[in-house]
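Per-entry structural report
One-letter residues, chain by chain:
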Amino acid sequence: MMDIGEGFPIVPPGGSIGIVGGGQLGRMMAAAASRIGLSAHIYADAPGSPASFVAASTCMGSFDDTHALSGFAAGVDVLTYEFENVPAGPLASLALEGVAVAPNVEVLRVAQDRLIEKTFANELGAVTAPFRQIDSPADIVAAARDIGGPTILKTRRLGYDGKGQVRLPSIDDGLDATAADDAWREVAGAPCILEGMIDFDCEISIIGARGRNGEIAIYDAPRNVHRGGILRTSIVPANVPSRSIKAGRQIVTDLLERLDYVGVIAVEFFVQTNGDLLVNELAPRVHNSGHWTEDACVTGQFEQHIRAVAGWPLGSTRRFANAEMINLIGDDVATWRDHAADPFACVRLYGKDVARAGRKMGHVTRLVPIGG
Ligand code: AMP
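Treat the numbers as computed from the prediction; the structure is a model and nothing was measured.

Cut-off values and rules
Residues numbered from 1 in each chain as written. Predicted model: local features only at pLDDT ≥ 70, side-chain atom pairs only at ≥ 80, totals over all residues. Heavy atoms only, no water. Helix = DSSP H or I, 4+ residues; strand = E, 2+ residues; numbered from the N terminus. Rg over C-alpha atoms; globule rule 2.2 N^0.38 Å. Buried < 20%, exposed > 50% of the residue type's maximum accessible area, 1.4 Å probe, protein only. Contact = heavy atoms within 4.5 Å. Lys, Arg positive; Asp, Glu negative; His and termini not counted. Charge placed at Lys NZ, Arg CZ, Asp CG, Glu CD. Polar contact = N/O pair within 3.5 Å; in protein donor to acceptor, adjacent residues only side chain to side chain. Domains from an automatic or database assignment. Pairing = 2+ DSSP bridges. Axes fitted to C-alpha atoms, helices over the stretch in contact; angles between N-to-C directions. Salt bridge = Lys/Arg side-chain N within 4 Å of Asp/Glu carboxyl O. Near = heavy atom within 4 Å. Areas by Shrake-Rupley, 256 points an atom, 1.4 Å probe, with all protein chains shown as cover. Parallel < 35°, antiparallel > 145°, perpendicular 65-115°, else oblique. Left-handed = near helix turned anticlockwise from the far one by under 90°.

Right, let's get into the overall build of the protein. In terms of regular secondary structure, the protein is built from 11 helices and 17 strands. Against the 2.2 N^0.38 benchmark of 21 Å for 372 residues, the protein shows a C-alpha radius of gyration of 21 Å, consistent with a compact globule. With the C-alpha coordinates aligned to their principal axes, the bounding extent of the protein is approximately 65 × 55 × 40 Å. Here the protein holds 372 residues, and 55% of them are scored as buried. For the protein, the proportion of contacts with a sequence separation of at least 24, taken over those separated by at least 6, is 64%. With 33 positive and 44 negative side-chain charges, the protein shows a spacing of 5 Å between the two charge centroids.

Another point: the side chain of R210. Here R210 lies in strand β9 (residues 202-210). In terms of polar contacts, R210 uses its side chain to reach the backbone carbonyl oxygen of Y261, at 2.8 Å. Beyond its immediate chain neighbours, meaning those up to four positions away, R210 contacts E215, I216, L256, E257, D260, Y261, V262, G263, A308 and L314.

If you check the domain split of the protein, you get domain 1 (16-111), domain 2 (130-196) and domain 3 (202-369). Each of domain 2 and domain 3 has a C-alpha centre, and the two are 29 Å apart.

Moving on, we come to the sheet that holds strand β8 (residues 192-196). Judged by pairing direction, the sheet is antiparallel, and its 4 strands sit side by side in the order β5-β8-β6-β7 without closing on themselves. The sheet is open, and its two edges are formed by β5 (131-134) and β7 (165-168), each paired on a single side. Mean inter-strand twist for the sheet, computed between neighbouring axes without regard to direction, equals 20°. Helix α7 (residues 177-186) rests against β5, β6 (151-155), β7 and β8 of the sheet, and its axis sits at about 165° to β7.

Turning next to the sheet that holds strand β2 (residues 39-44). Pairing is parallel across the open sheet formed by 4 strands, whose spatial order is β3-β2-β1-β4. Looking at the sheet topology across the chains shown, the edges are occupied by β3 (57-60) and β4 (78-81). On average, each strand axis in the sheet is inclined to that of its neighbour by 25°, with strand direction left out of account. Here strand β1 (residues 16-20) pairs with β2 via 5 bridges, running parallel. The residue bridging I17 from the neighbouring strand is A40, located in β2.

On inspection of all chains with the given rule, the structure shows 17 salt bridges. D113 serves as the salt-bridge partner of R156, at 2.8 Å between the closest nitrogen and oxygen. With R156 in the loop between β6 and β7 and D113 in the loop between α4 (105-111) and α5 (114-123), this pair connects stretches of sequence that are 43 residues apart. Exposure remark for R156: the relative accessible area of 17% places this residue in the buried category.

Attention shifts here to the site of the ligand. In the vicinity of the ligand lie 15 residues, with K154, Q165, E195, I198 and E203 positioned nearest. At a separation of 3.1 Å, an oxygen atom of the ligand approaches a polar side-chain atom of R114. One nitrogen or oxygen atom from the main chain of G196 is found 3.0 Å from a nitrogen atom belonging to the ligand. When the free accessible area of the ligand is taken as 480 Å², the share hidden by the protein chains comes to 94%. Both domain 2 (130-196) and domain 3 (202-369) contribute no fewer than three residues apiece to the shell around the ligand.

What follows is about helix α6 (residues 137-147). Among all positions of α6, only I140, V141, A143, A144 and I147 are buried. Elements in contact with the buried residues of α6: β5, β6, β7, α7 and β8. G148 occupies a position one or two residues after α6 and carries a positive phi of about 85°.

With that out of the way, let us pick up the environment of R232. Structurally, R232 can be placed in strand β12 (residues 230-236). Relative accessible area serves as the criterion here: at 18%, R232 is assigned to the buried category. Remark: the alpha-carbon pair of R232 and L328, spanning 96 residues in sequence, is separated by 8.1 Å.

Here the focus is the packing of α6 against α7. For the pair α6 and α7, interaxial distance at closest approach is 8 Å and the crossing angle is 120°. Our classification of the angle between α6 and α7 gives oblique. Here α6 runs over α7; the crossing is right-handed. Taken together, the residues of α7 that come into contact with α6 (itself represented by P137, I140 and V141) are A177, A180, D181 and W184.

As structure tokens, then:
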């Protein structure tokens, strides 16, 4: 399906971008849009969203309300989204009515379901952890025997930041019918995949963009460290073999082309000790592991996404500093003053009021300029 391309007029300076979702990603996209003379309009499902404080306007409505979304879309030149779990049905209806939606709705269908996503990656020639479809507790034991070793049960839909995941021991270490029943209860009986646990050397992500005319730009890869399933730091350069990076860039290029993609995409990889890559997941949007690009590159990921969906030429991804991005999660945000006193730290706070545990409150990018 092709929802946007040469057929839609380029969004000129003064034009408007509609962003579905009002979180920190929408906030940073809205700020980037305003820097290049475009206005960002937010569609959010709750008042006081982080993006609403920097956008030209905010429309409130439910994400599955096709009628409200249609009214919102009528007032903007192009529609994009800041989270992949936006219901695809309403956006598909809008695309059929002639609304420019980018990235296209087929991308959401792939990215919203881990089973479809991993099957798609395999069909493209990319390797993933071994996985099996799970629809019952009995499937868990059978699949675990098939895969061998420890595994992770993951809900097919709506999982992020380690949510909807249960780690399971190998059959030899105690995975039996009772343990499978417990795991199945933990995911509330939702359709799942069971995935082999990978003993990786490190994790990297590759963030790329494709413009409406098919041009592609890819950033240097960061090395990502997660704790409790949540990204903590991204460090660039990643210090992994150049052949791994080359292979990852090729996978991202193939994905962008095969999906007729317009906008920024992030692909997360496991790097094995021999340098081989496994695709973990793709995010059809700007990504937390790309936040450093805003401060360390000529064009950051937020502006790049806006440029792509608006039909502008892509900007340069050239990096002029080494960088370490640190997420400020929950109470971490109390350290903002120390970071603000560091002359090489770029402090970015999201304007969220309550610092709940596990909530992303902001991030800091520490820069080490290349060449002094
Ligand atoms: P996900 O939500 O699938 O991106 O998982 C969140 C994090 O859990 C990943 O970034 C990894 O650190 C870890 N993880 C997920 N799947 C696996 C796996 N198959 N093997 C080892 N670690 C994993």
